[in-house]
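# Summary of the model geometry
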Amino acid sequence: MSAPDAFDHESHMRRAIELAREAAERGNHPFGTVLVRDDEIVMEDRNTVVTENDIRRHPELHLAMEATRKMSDDERAETVMYTSTEPCPMCAGGMRYAGFDRVVYSVGSNEIVEFTSSEPFPVRSAAILAGITDVVGPVLNEDGRAVHEDFW
């Protein structure tokens, strides 16, 4: 069992960013996410809100749901979520129930307003996940930002 501190953070983040690019190529917003245990990707997803016509199909929320169905509490507590963009409050709320060890993001939610011209979220994921899941980032920020620059 490898500790999350020893995981290949950049490799996993590159895959999350690649999934974000794939989401954009399919007509969805550019968000991608992987779940990692023992330094191996065990689940992955990309945003499908537009193509599934379902506002809940953010990859972070969907993977939190799948993880609670398929993993024990102890397994989730040893799992790291790598996501191209810091989770929104809806996703962080779902992740709170999943109880992951940590979430690692590339682009902060405070940065997204630069691309989308939207208002910043009133609360960041670290506040929602406090005491349950550590929030770490940014990792490969320039790579993550490039996906948003190309999309928006």
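Residues numbered from 1 in each chain as written. Predicted model: local features only at pLDDT ≥ 70, side-chain atom pairs only at ≥ 80, totals over all residues. Heavy atoms only, no water.

## Some remarks on the state of the cysteines
Chemically, a disulfide is nothing more than a covalent bond linking the sulfur atoms of two cysteines. Note the cut-off: Note on terminology: disulfide denotes any pair of cysteine sulfur atoms within 2.5 Å. Burial classes follow relative accessibility: with a 1.4 Å probe on protein chains only, a residue under 20% of its type's maximum area counts as buried, one over 50% as exposed, and anything between as partly exposed.
Counted by the stated rule, this structure contains zero disulfides. With no disulfide of its own, Cys-88 lies closest to Cys-91 among cysteine sulfurs, the gap being 3.7 Å. A relative accessible area of 11% places Cys-88 in the buried class. Assessed through its relative accessible area of 0%, Cys-91 is described here as buried.

## Observations concerning the packing of aromatic side chains
Here is the rule: Here a Phe, Tyr or Trp ring, Trp counted by its six-membered ring, pairs with any other such ring whose centre lies within 6.5 Å, and the pair is stacked when the planes are under 30 degrees apart, edge-to-face when over 60, and tilted otherwise.
Scanning the entire structure with this criterion turns up one aromatic pair. Relative to Trp-152, the ring of Phe-151 has its centre 4.8 Å away and its plane inclined at 90°; by these criteria the two rings are edge-to-face. Overall, Trp-152 belongs to the partly exposed group, its relative accessible area being 38%.

## Some words on the pattern of salt bridges
Note the threshold: Criterion for a salt bridge: a side-chain nitrogen of Lys or Arg within 4 Å of a carboxyl oxygen of Asp or Glu. Comment: elements are numbered from the N terminus, with helices defined as DSSP H or I runs of at least four residues and strands as E runs of at least two.
Applying the stated rule across the entire model yields 17 salt bridges. Glu-10 serves as the salt-bridge partner of Arg-14, at 3.5 Å between the closest nitrogen and oxygen. Here Glu-10 and Arg-14 lie together in helix H1 (residues 9-25), a separation of four residues that amounts to about one turn. Classification of Arg-14 as partly exposed rests on a relative accessible area of 45%. By relative accessible area, which is 41% here, Glu-10 ends up partly exposed. When the shortest N-O distance is used, the salt bridge between Asp-73 and Arg-76 registers 2.6 Å. Pair noted here: Asp-73 and Arg-76 are both in helix H4 (residues 73-76), with a separation of three residues, about one helical turn. On the basis of relative accessibility, which here comes to 6%, the residue Arg-76 falls in the buried class. Taken together, the shared-partner salt bridges in this structure form one network comprising Arg-15, Glu-18, Glu-22, Glu-44 and Arg-46.

## Re the pairing of strand S4 (residues 102-107)
Selection criterion: Strand pairing requires that DSSP identify at least two bridges connecting the strands. Note on handedness: a crossover is taken as right-handed if, strands pointing away from the viewer, the path from the first strand over the helix to the second is clockwise.
In terms of burial, S4 is largely enclosed, as six of its six residues are buried. Where strand S3 (residues 80-85) meets S4, five bridges bridge the pair, whose relative direction is parallel. Bridge pairing in S4 places Tyr-82 opposite Val-104. For the segment spanning S3, helix H5 (residues 89-98) and S4, crossover handedness is right-handed. As judged from the three bridges shared by S4 and strand S5 (residues 134-136), these two strands associate in the parallel manner. Directly across from Val-103, in S5, lies its bridge partner Val-135.

## Examining helix H8 (residues 141-151)
Operational definition: Of all possible arcs, the one meant is that of the directions from the helix axis to the C-beta atoms. Between two residues, a contact is recorded if the distance between any of their heavy atoms is within 4.5 Å.
The complete set of buried residues in H8 reads Gly-144, Arg-145, Val-147 and His-148. Down the axis of H8, the sector holding all buried residues measures 150°, keeping them to one side. Residues of H8 that are exposed and point more than 90 degrees away from the buried face comprise Glu-142 and Asp-150. Contact partners of the buried residues in H8: H1, S3, S4 and helix H6 (109-116).

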